[in-house]
Amino acid sequence: MKNNVIEVKNVFKYYGEVLAVDGMTLTIHKGETLGLIGHNGAGKSTLFKMMLGLIPQTSGEININGTSVNGGAFRELRRSIGYLPENVVFYENLTGLETLQFFASLKGCILNTCLPLLEKLGLAHAAHRRVDGYSKGMRQRLGFAQALLGKPRILFLDEPTTGLDPEAIREFYTILQELNAQGVTVVITSHILSEIQERVQRLAVLKSGKLHALGTVQELREAVDLPLAIHVQTSCSTDAVEAILQGVALEALILTGNSVVIHCQRNHKMEVLRRLGSLGDALLDVVVKEPTLEDVFLGYAA
Amino acid sequence: MLNIEISQIKIIAAKEFRDRIRNRWVIAVSLIFTAFALAIAYFGSAQQGEVGLRNIEVTIASLVSLVIYLIPLIALILGYDAIVGERERGSLDLLLSMPLTRLELILGKFLGLSAALACATLVGFGLVGLLLAYQIDLNALYHYIGFMVSTILLGMVFLSLAVMVSVIAKDRARASGGAISVWFLFVLVYDLILLGLLVLSGGSFGEEFFPLLLLLNPADIFRILNIFSMEDIKVFYGLATVFPASLSNPWLLSSMMLAWIIMPLTVAFWRFK
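Per-chain numbering applies: the sequence of each chain, read as written, is numbered from 1 onward. Labels follow written order: the first chain is A, the first ligand is 1, and so on. pLDDT decides what is reported in this predicted model: residues at 70 or higher carry local features, side-chain atom pairs at 80 or more are listed and counted, and totals for whole chains, interfaces and linings draw on all residues regardless.

Engineer: Give a detailed account of the overall build of chain B, specifying residues and quantitative values.
Structural biologist: Check the secondary structure of chain B and you find 13 helices and zero strands. When the helices and strands of chain B are placed in sequence order, the string is α-α-α-α-α-α-α-α-α-α-α-α-α. When burial is assessed residue by residue, chain B has 44% of its 273 residues classed as buried. A helix here means a DSSP run of H or I that spans at least four residues, while a strand means a run of E at least two residues long, and both kinds are numbered starting from the N terminus. Every C-beta atom is placed from the backbone, and the number of other C-beta atoms within 10 Å of a residue's own sets its class: buried at 20 or more, exposed at 12 or fewer, partly exposed in between.

Structure, rendered in structure tokens:
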């Protein structure tokens, strides 16, 4: 299986008596961006740390590029892995450039690449300033720069956009897209689900240490089968709208003034739209809203 | 199984050393050593009603008494934070996600801190050594250099213990408590217990193994190493009466010190998961 970069096979992790990861099996393909979501305590961080070989699993197997993350041979692979921990912490007494150079030397990459990397992340102006004077956003960008050292083939990003302003978040995802185009495999966690739903190819939903669902955003949406919301503006009375929808199975119908919100299952969408079309000129606007990832996620969490 | 990359150890060690130079730790400790050593060299003979730079052997003996308290304390304060500090601040995960093994991290930290302590020792006591140089003959110089080397070894022993405490302790508060306990045990309590046993047993306690018990305390090894080599001085300490010459070989004593450096590091590596 050449295409499988990360293989998690039937992994269990106990902290004393507490079961943190419960029989997880997960395969991550080469060049894909996988989003890992789940509530606090769902096992995300534990899984992350096990995939990086930072903590040993109680049982089961984790391989990256066919190499066990627990063995001595994994050291070489670490050079091609970038990791941005949640709430990344640096040495306050070093400058941004020194920080990057320290990690670059540990990774065995050329020190000359550090300054261009800081430029790319918009930190060139602060390269020679000590990290203790950095804002949260600057630290996060420095963390991302650190993860990009040595042109990694696999990136583990734990809540990477925390503390970034919207502009920086956009830049961050632009860089991520470039890397993705180059075939870099990315595993990313985020609490801001709406932010990652358009940027990941697949999502893994974790719940109580178990892999609860896995698939594309669309697949997950369809699997939980949450109702769509159709927002309608009319010039006629809402009673007329109610009348034409008579007989269609709806989840809910909310009438307020001239606007109507219809909640229906996906398979009834076209029927509802056809009937609305019969309103002719009285129909002013129709917006179909897919359930958001938050809705999907809450649907799974429930 | 143990694949060690020296280059990774060097990177960690260099960072630790540079940090101590930068935050002026090395210069501060050097100054403390210089001040103490000068005061002792100058006022050391005050009990005999004289002041001034006098007998080098008396000076070394006084310095030994000072160093035996000071160096372990400084080394423990320097090292107790090494691993637990990274863990508590949250920088340990990132560090270990690098191509760096736990053993390399421990050794790098230990060697970098040792270099900082050695540097402070050499500068601090070396300066005073230069001042004394005009009245030092070759033999005395040999003793003084021996004193400095053994001081560095003593520092490394307690740094090694500090790194061990730092790996085992759950948090920094516990680590500092552990470090202070180590200091109390080896510097104060251990000798008191031995002394107590000797007194209680009317001096008959363990004539054969009493010297071996002394070898179990790195601070005592340091004292023996420095005092025993000077004929004039060991009489004052009465050491010759309790410590057999057969065990006072400087190489044997130094090997014991080395063992005391290696053992806690081994425990640290074993416990560092």
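Now that the structure has been shown, the text picks up again.
Engineer: Describe the sheet that holds strand β6 (residues 81–84) of chain A, naming the residues involved and giving the relevant values.
Structural biologist: Residue and element names in this part refer to chain A. Being paired, for any two strands, means DSSP has found at least two bridges between them. The strand order across the open sheet formed by six strands is β6-β7-β8-β3-β9-β10, and the pairing between neighbours is mixed. Of all the strands in the sheet, just β6 and β10 (210–215) have a single pairing partner and so form its edges. The average angle at which neighbouring strand axes cross in this sheet is 15 degrees, direction not considered. Bridge analysis of strand β9 (residues 202–207) against β10 gives five bridges, and the strand direction is antiparallel. The residue of β10 that forms the bridge with Ala-204 is Leu-214. Sheet contacts for helix α8 (residues 217–224): β9 and β10; angle to β10, the most-contacted strand, approximately 110 degrees. In this description, a line fitted to the C-alpha atoms serves as the axis of each element, helices being fitted only across the stretch in contact, and the angle between N-to-C directions of two axes falls anywhere from 0 to 180 degrees. Contact definition: two residues whose C-beta atoms, as placed from backbone geometry, lie within 7 Å.

Engineer: If you had to explain the environment of Leu-76 of chain B to someone new, which residues and values would you point to?
Structural biologist: Residue and element names in this part refer to chain B. Here Leu-76 shows up in helix α3 (residues 56–79). Exposure remark for Leu-76: the 26 C-beta atoms within 10 Å place this residue in the buried category. Residues Leu-76 and Leu-31, 45 residues apart in the sequence, show an inter-C-alpha distance of 19 Å. With near-sequence residues (within four places) excluded, Leu-76 lies in contact with Phe-158, Ala-162, Ala-179, Val-182 and Trp-183.

Engineer: Could you give an account of unusual backbone geometry, naming the residues involved and the relevant values?
Structural biologist: Residue and element names in this part refer to chain A. The backbone of Asn-65 shows a phi angle near 50 degrees, a positive value even though the residue is not glycine. With respect to the secondary-structure elements, Asn-65 resides in the loop between β4 (59–64) and β5 (67–68). A count of 17 C-beta atoms within 10 Å places Asn-65 in the partly exposed class.

Engineer: Outline the sheet that holds strand β11 (residues 228–234) of chain A, supporting the account with residue identities and numerical values.
Structural biologist: Residues and elements named next belong to chain A. Taken together, four strands build an open sheet; the order of strands is β12-β13-β11-β14 and the sheet is antiparallel. Among the strands making up the open sheet, the edge pair consists of β12 (252–256) and β14 (283–289). Taken over all neighbouring pairs, the strand axes of this sheet differ in orientation by 15 degrees on average, direction set aside. As paired strands, β11 and β14 are joined by six bridges and run antiparallel to one another. When the bridges of β14 are listed, Ile-230 appears paired with Val-288.

Engineer: Tell me about the nonpolar core, residues and numbers included.
Structural biologist: Side chains of nonpolar character tend, in soluble globular proteins, to be buried together. By size, the foremost hydrophobic cluster in this structure holds 150 residues, and its most contacted members are Met-51 of chain A together with Leu-159, Ala-162 and Val-163 of chain B. For this core, the element with the most residues is helix α7 (residues 138–168) of chain B, which contributes 16 residues. Of the domains in this structure, domain 1 (4–222) and domain 2 (225–301) of chain A are the two that each give at least three residues to this core. Core membership is restricted to buried Ala, Val, Leu, Ile, Met, Phe, Trp, Tyr and Cys residues, and these are joined into a nonpolar core through C-beta atoms within 7 Å. Among the nonpolar cores identified, the runner-up in size contains seven residues, and Ile-230, Ile-262, Cys-264 and Val-272 of chain A belong to it. Domain segmentation is taken from an automatic or database assignment of domains.

Engineer: Let's hear about the domain arrangement of chain A: which residues, and what values?
Structural biologist: Residue and element names in this part refer to chain A. As assigned here, chain A comprises domain 1 (4–222) and domain 2 (225–301). One C-alpha centre belongs to domain 1, the other to domain 2, and the line joining them spans 40 Å. Facing the 13 residues of domain 1 at the interface are twelve residues of domain 2. Listed by contribution, the elements that provide at least two residues to the side of domain 1 that touches domain 2 are α7 (193–196), β9, β10 and α8. Top contributing element to the side of domain 1 that touches domain 2 by residue count: α8, with four residues.

Engineer: Go over the confidence of the model for chain A with me, naming the residues and quoting the values.
Structural biologist: Confidence of the predictor at the level of single residues is captured by pLDDT, which takes values from 0 to 100. On average, residues of chain A score 89 in pLDDT, and 98% of them are at 70 or above. Mean pLDDT values for the elements of chain A range from 68 in helix α11 (residues 293–301) of chain A up to 96 in helix α3 (residues 96–107) of chain A.

Engineer: Can you break down the interface of chain B and chain A residue by residue, with the values?
Structural biologist: Taken together, the 19 residues of chain B in the interface contact 21 residues of chain A. Only α1 (6–22) and α5 (92–96) of chain B provide two or more residues apiece to the side of chain B that touches chain A. With five residues, α1 of chain B is the single largest residue contributor to the side of chain B that touches chain A. In this classification, the charged set is Asp, Glu, Lys and Arg, the nonpolar set is Ala, Val, Leu, Ile, Met, Phe, Trp, Tyr, Cys and Pro, and all remaining amino acids, among them Gly, are polar. Partitioned by chemical class, the residues of the side of chain B that touches chain A number seven nonpolar, seven polar and five charged.

Engineer: Break down the pairing of β12 of chain A for me, citing the residues and quoting the values.
Structural biologist: Residue and element names in this part refer to chain A. The element β12 is barely covered by neighbouring structure, given that only zero of its five residues are classed as buried. Judged from the five bridges that link them, β12 and strand β13 (residues 259–264) form a sheet pairing that is antiparallel. Among the inter-strand pairings, Ala-252 is bridged to a residue of β13, identified as His-263. Here β12 hands over to β13 after two residues, with Gly-257 in that stretch at a positive phi of 55 degrees.

Engineer: Break down the packing of α3 of chain B against helix α8 (residues 172–200) of chain B for me, with residues and values.
Structural biologist: Residues and elements named next belong to chain B. For the pair α3 and α8, interaxial distance at closest approach is 10 Å and the crossing angle is 160 degrees. As the angle between them shows, α3 and α8 are arranged roughly antiparallel. At the point where α3 passes α8, the crossing takes the right-handed sense. Facing α3, whose interface residues are Ile-68, Tyr-69, Pro-72, Leu-73 and Leu-76, α8 presents Ala-179, Val-182, Trp-183, Phe-186 and Val-187. Classifying every residue of the contact of α3 with α8 by side-chain character gives ten nonpolar, no polar and no charged. Each angle gets one of four labels, with under 35 degrees taken as roughly parallel, over 145 as roughly antiparallel, 65 to 115 as roughly perpendicular, and the rest as oblique. For any pair of crossing helices, the crossing counts as left-handed if the nearer helix is rotated counterclockwise from the farther one by less than a right angle, and right-handed if it is rotated clockwise.

Engineer: Can you lay out helix α1 (residues 44–51) of chain A for me, pointing to particular residues and giving the numbers?
Structural biologist: It helps to recall that an α-helix has 3.6 residues per turn; residues three or four apart then point in one direction. Residue and element names in this part refer to chain A. Judged by how many residues are buried, α1 sits mostly within the fold: eight of eight residues are covered. Residues of α1 that are buried include every one of Lys-44, Ser-45, Thr-46, Leu-47, Phe-48, Lys-49, Met-50 and Met-51, and no others. Positioned one or two residues after α1, Gly-53 has a phi angle of 70 degrees, which is positive.

Engineer: Tell me about the environment of Ala-219 of chain B, and name the residues and values.
Structural biologist: Residue and element names in this part refer to chain B. One can find Ala-219 in helix α10 (residues 218–227). On the basis of neighbour count, Ala-219 is assigned to the buried category, with 24 C-beta atoms found within 10 Å. Sequence-wise, Ala-219 and Ile-193 are 26 residues apart; in three dimensions their C-alpha atoms are separated by 14 Å. Not counting residues up to four positions away in its chain, the partners in contact with Ala-219 are Ile-68, Pro-72, Phe-186 and Val-187.

Engineer: Help me get a handle on helix α5 (residues 136–147) of chain A, residues and values and all.
Structural biologist: Residue and element names in this part refer to chain A. Relative to the 16 Å expected for twelve residues at 1.5 Å per residue, α5 spans 17 Å between its end C-alpha atoms, a close match to the ideal helical length. Of all twelve residues in α5, ten are buried, a share of seventy percent or more. The set of residues buried in α5 consists of Met-138, Arg-139, Gln-140, Arg-141, Leu-142, Gly-143, Phe-144, Ala-145, Gln-146 and Ala-147. On its buried side, α5 packs onto β6, α3, α4 (114–120), β7 (154–158) and α6 (166–181). To estimate how far a helix should extend, the number of its residues minus one is multiplied by 1.5 Å.

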